[in-house]
Amino acid sequence: MKQTHMSHQFVEFIPEKLDSGVLYISPRYGTAAHKCCCGCGEEVITPLTPTDWSLRMDGNLVTLHPSIGNWSFNCQSHYWIRRSQIIWADQMSQQEIERGRANERASKQAYFAEVNRKKILHTQLPPKKATSQTGANGSLHSLWMAIKHWWKS
Ligand SMILES: [Zn+2]
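Residues numbered from 1 in each chain as written. Predicted model: local features only at pLDDT ≥ 70, side-chain atom pairs only at ≥ 80, totals over all residues. Heavy atoms only, no water.

A.B. asks: Break down the overall build of the chain for me, with residues and values.
C.D. replies: Of the regular secondary structure elements, the chain holds two helices and eight strands. Reading the helices (α) and strands (β) of the chain from amino to carboxyl end gives β-β-β-β-β-β-β-β-α-α. In the chain, buried positions account for 24% of the 153 residues. Long-range contacts, defined here as pairs at least 24 residues apart, represent 31% of the contacts in the chain between residues at least 6 apart. In the form shown here, the chain has an accessible surface area of approximately 11,200 Å², with 58% of it arising from carbon and sulfur atoms. (Helix = DSSP H or I, 4+ residues; strand = E, 2+ residues; numbered from the N terminus. Buried < 20%, exposed > 50% of the residue type's maximum accessible area, 1.4 Å probe, protein only. Contact = heavy atoms within 4.5 Å. Areas by Shrake-Rupley, 256 points an atom, 1.4 Å probe, with all protein chains shown as cover.)

Okay, structure coming up:
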């Protein structure tokens with residue numbers, strides 16, 4: 001069951017048993033921990049350092065930055081904790097997929113428009129090959145006429 005909301009608790013030590021839906025924050029050890037928000041039960045440790053995660057309190061709302069990507073777990077969950085709300089990345093990627101599809105449609109339309117434009121150009125222009133063939137036929141014809149003339153004379 002995917003969670004949509006995160007509460008938090010300031011602690012000195014991260015407890016051994018974590019409750020789901022609670023972000024345990026240990027300012028003393030500069031770390032936070034919570035159970036994966038997908039409900040798989042895995043524990044997620046987010047060190048609060050300049051190179052790991054940063055924690056922001058907005059009144060009583062907690063924001064963790066950057067997103068939490070649990071690639072090492074089977075669930076592969078990816079979410080943000082923003083103002084105590086859990087924003088799931090798959091919702092985002094669904095939007096991105098939709099946007100991608102829209103782009104693809106647009107480029108396909110542009111492609112076919114271009115193809116059709118070329119087709120129109122092609123049919124409007126006199127076909128070059130046919131012109132030269134006529135020329136070849138013409139010269140062949142005149143050669144034939146010359147032979148015929150020679151034969152007759
Ligand atoms: Zn999970």
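A.B. asks: Just give me the short version of the side chain of serine 67, but keep the residues and values in it.
C.D. replies: Structurally, the position occupied by serine 67 is in strand β6 (residues 61–69). On the basis of relative accessible area, serine 67 is assigned to the buried category, the value being 17%. A distance of 2.7 Å separates a polar atom in the side chain of serine 67 from a polar atom in the side chain of histidine 78. Those residues in contact with serine 67 that lie beyond four places of it in its chain are Trp53, His78, Tyr79 and Trp80. (Polar contact = N/O pair within 3.5 Å; in protein donor to acceptor, adjacent residues only side chain to side chain.)

A.B. asks: Please provide a residue-by-residue account of the sheet that holds strand β7 (residues 78–82), values included.
C.D. replies: Overall, antiparallel pairing links the four strands, which are arranged β5-β6-β7-β8 in an open sheet. With one partner strand each, in any of the chains shown, β5 (54–58) and β8 (85–88) form the two edges of the open sheet. Adjacent strand axes in the sheet meet at a mean angle of 25 degrees, parallel and antiparallel pairs treated alike. Sheet topology places β5 next to β6; five bridges connect them, and they run antiparallel. Within the sheet, the bridge partner assigned to leucine 55 lies in β6 and is leucine 64. (Pairing = 2+ DSSP bridges. Axes fitted to C-alpha atoms, helices over the stretch in contact; angles between N-to-C directions.)

A.B. asks: Which residues make up the side chain of histidine 8, and what are the values?
C.D. replies: Here histidine 8 is to be found in strand β1 (residues 7–10). In contact with histidine 8, other than residues within four places in its own chain, are Val22, Leu23, Ile25, Met57, Asn60, Val62 and Ser84.

A.B. asks: Break down the sheet that holds strand β4 (residues 43–47) for me, citing the residues and quoting the values.
C.D. replies: Read across the open sheet, the four strands follow the order β1-β2-β3-β4; overall the sheet is mixed. Looking at strand neighbours, the two that pair on one side only are β1 and β4, the edges of this open sheet. Sheet twist, expressed as the average angle between the axes of neighbouring strands with direction ignored, equals 20 degrees. Taken together, the three bridges between strand β2 (residues 22–26) and strand β3 (residues 31–35) define a ladder with antiparallel strand orientation. Its bridge partner being in β3, tyrosine 24 is matched across the sheet by alanine 33.

A.B. asks: Break down the coordination of the zinc ion for me, with residues and values.
C.D. replies: Taken together, Cys36 (SG), Cys38 (SG), Cys40 (SG) and Cys75 (SG) make up the full set of protein donors to the zinc ion, lying 2.2 to 2.3 Å away. One way to put it: the four donor atoms around the zinc ion meet at angles of 104 to 113 degrees, and that makes the site tetrahedral. Cysteine 38 gets classed as buried once you look at its relative accessible area, which sits at 16%. (Donors = N, O, S within 2.8 Å, 3.2 Å for Na, K, Ca; no water. Tetrahedral: all angles 85-135°; square planar, octahedral: opposite > 155°, others 65-115°.)

Nothing here speaks to function; it is all geometry.
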